[in-house]
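# A structural walkthrough
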Amino acid sequence: MIQLFAFYLFATIVIASAAMVIFARNPVHSVMWLILAFFNAAGLMLLAGAEFIAMLLVIVYVGAVAVLFLFVVMMLDIDFAELRAGFVRYLPLGALVAIILAAELIFAVGAWSAGGVDLAARAAPVVSDKSNIQQIGELLYTRYIFLFEAAGIVLLVAMIGAIVLTHRKRGGVRTQNISKQNQRRPQDATRLVDPGVGQGMEL
Amino acid sequence: MTETFISWGMDPNWAWGVATICGILLIALPLMLAVAMIIYADRKIWAAIALRRGPNVVGPFGLLQSFADGLKVFLQETIVPSGANRGLFLIAPIITFTVALLAWAVIPFNSGAVLADINVGLLYILAISSLGVYGVILSGWASNSKYPFFSAMRASAQMISYEVSIGFILIGVVLFADSFNMNEIVKAQQGHGLGIVNAFGFNLLLFPLAVMFLISSLAETARAPFDLTEAESELVAGYQTEYSSMSFALFWLGEYANVLLMCTLNAVLFWGGWLPPIDWAPLYAVPGIIWLFAKILFFFFVFSWVKATVPRYRYDQLMRLGWKIFLPISLLWIFLISGYLMLTRYS
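Rules used throughout
- Residues numbered from 1 in each chain as written.
- Chains lettered and ligands numbered in written order.
- Predicted model: local features only at pLDDT ≥ 70, side-chain atom pairs only at ≥ 80, totals over all residues.
- Heavy atoms only, no water.
- Helix = DSSP H or I, 4+ residues; strand = E, 2+ residues; numbered from the N terminus.
- Rg over C-alpha atoms; globule rule 2.2 N^0.38 Å.
- Buried < 20%, exposed > 50% of the residue type's maximum accessible area, 1.4 Å probe, protein only.
- Contact = heavy atoms within 4.5 Å.
- Areas by Shrake-Rupley, 256 points an atom, 1.4 Å probe, with all protein chains shown as cover.
- Lys, Arg positive; Asp, Glu negative; His and termini not counted.
- Charge placed at Lys NZ, Arg CZ, Asp CG, Glu CD.
- Buried area = accessible area lost by both parts, 1.4 Å probe.
- Salt bridge = Lys/Arg side-chain N within 4 Å of Asp/Glu carboxyl O.
- Polar contact = N/O pair within 3.5 Å; in protein donor to acceptor, adjacent residues only side chain to side chain.
- Patch = residues over 30% accessible without salt bridge, like charges linked within 9 Å, V, L, I, M, F, W, Y side chains within 5 Å.
- Core = buried A, V, L, I, M, F, W, Y, C linked by side-chain atoms within 4.5 Å.

### Observations concerning the overall build of chain B
- Broken down by element type, chain B carries 12 helices and 0 strands.
- N-terminal to C-terminal, the α/β element order of chain B is α-α-α-α-α-α-α-α-α-α-α-α.
- For chain B, whose C-alpha radius of gyration is 21 Å, the value lies close to the compact-globule estimate of 20 Å for 347 residues.
- When the backbone C-alpha atoms are referred to their principal axes, chain B occupies close to 65 × 60 × 40 Å.
- By the burial criterion, 52% of the 347 residues in chain B qualify as buried.
- Of the contacts made within chain B by residues no fewer than 6 positions apart, 74% connect residues no fewer than 24 positions apart.
- When the accessible surface of chain B is totalled, it reaches about 15600 Å², and 72% of it is carbon and sulfur.
- Between the averaged position of the 17 positive side-chain charges in chain B and that of its 18 negative side-chain charges there is a distance of 10 Å.

Rendered as structure tokens:
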């Protein structure tokens, strides 16, 4: 009973907030709705018995990715009038995408209700005495180890690529030399002198 | 607790619900009281180190100072700046406060005395603490004022940076404890240090991680010396500048609840949680919750002590410490620890 209630609660909020991502006029509000959608999707994952995935979803998407989104969106100086200007021009393309998506949805629901693929059994959690993390770990590091490492290499290449693309040496920049700063001692920088009256001193 | 309610003749489902609500209240209400007292303690310790007297007027020894402040703040008017984004401006302190309370659900106060004994407890804490940054960013942006916005940018960069190294440090603990469950982590520490001390921190391999975690938790809660988000000489009061009355108080409470949470995490993850410090039978006669509170208070004292003595970091130093020192070392330590465990435990 409580599962059913929780499912409909999470599902409704996911759909509603996903709609609000598009309908919100302020892009920062859009990102906030997106975060709410992520959060409730994590709730749905919990209901499916995938608590590890749920936590990862929150940590990675809500905790890191969405923060960067928010960062970028806050920095942007968006002209709303310009955004809405091309509505008629993009209407045919938008309509095409909408029709394709709608057709896919109809086909998916139709195939599912026809019972062609036993999706329900796949979505349900595998009953086991092992915890989620152990199961994923055992699969990931034994059967799918090469795929896992390949994914790691792809990410590494992407990371190096991003660094190479953005890294440039700029002239005239004063950088901190931390070890030099740490080695600096009072006697290197200061001098204690005792000048006589009216004599002054040389620096 | 559920069993007690069932034995009173309650329907099991209702008993579970009532027990959960009671558990939440049992954690949240004392926590609020603890936050009020800990603010007082913070000010007193700070004053003692600065050779001042600190709050000493309201109540005996000024003990009621926090409550007087709370009442004053409660009676003030909530001012929303005219240029502010009203909805987000009001939601931001609520997020900070709620998130600060949420993480306590998985903290074990004694053997089995935990509200939600889930097997991804540590990940839950990471997930919840990563939410804390939203309160700060939103308040900075919604205030529509430049100093809060600068502060929000600083805070988000700082929190994200240190969350990375905290994540890696926690993996070291998880590897040793062989579980993400907070209670299991505490139990794994029994007699761990040199065979007699109940703490991961006394393991030579984990001690550097314990030190890094303490420093990272200072940075994560934006306490001195990492309080660049509230650097009063540069940013007025940081992201809280435009806030007044209760909305300000929620930030204040949330901040200190977060500090307490980080102290608790230090105690639970590295220094034995509710276990007595030494694995010696008579010490177990003392309830575990008292050991835990003693450890939390000790770490809170360390936090206050650091606040009173260490000067504020520069922003580039802060980022360097996070990305160039803590991140590589904690990453290296994962390799070291897993290699050590493969040699000793799993071969």
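### Some points on the interface of chain A and chain B
- Taken together, the contact between chain A and chain B spans 25 residues of the former and 26 residues of the latter.
- Buried surface at the junction of chain A and chain B, summed over both partners, amounts to about 2200 Å²; 80% is from carbon and sulfur atoms.
- The interface formed by chain A and chain B holds 0 salt bridges in total.
- Connecting chain A to chain B are 4 residue pairs in polar contact (both at pLDDT 80 or more).

### A word on a nonpolar patch on the surface
All names here are of chain A.
- A contiguous nonpolar surface patch, about 510 Å² in accessible area, is contributed by Met20, Ile22, Phe23, Trp33 and Leu36.
- In terms of residue count, the dominant contributor to the nonpolar patch is helix H1 (residues 2–23) (3 residues).
- When its relative accessible area of 63% is taken as the criterion, phenylalanine 23 is described as exposed.

### Quick word on the environment of A:Arg143
- Secondary-structure assignment places A:Arg143 in helix H7 (residues 132–143).
- Along the sequence, A:Arg143 and A:Met75 sit 68 residues apart, while their C-alpha atoms lie 44 Å from each other.

### Notes on the nonpolar core
- Within the largest apolar cluster, 111 residues are counted, with the highest numbers of intra-cluster contacts made by B:Tyr134, B:Met182, B:Leu269 and B:Phe270.
- Setting aside chain neighbours within four positions, we find B:Leu269 in contact with B:Leu122, B:Leu170, B:Val173, B:Met182, B:Ile185, B:Gln189, B:Phe200 and B:Phe213.

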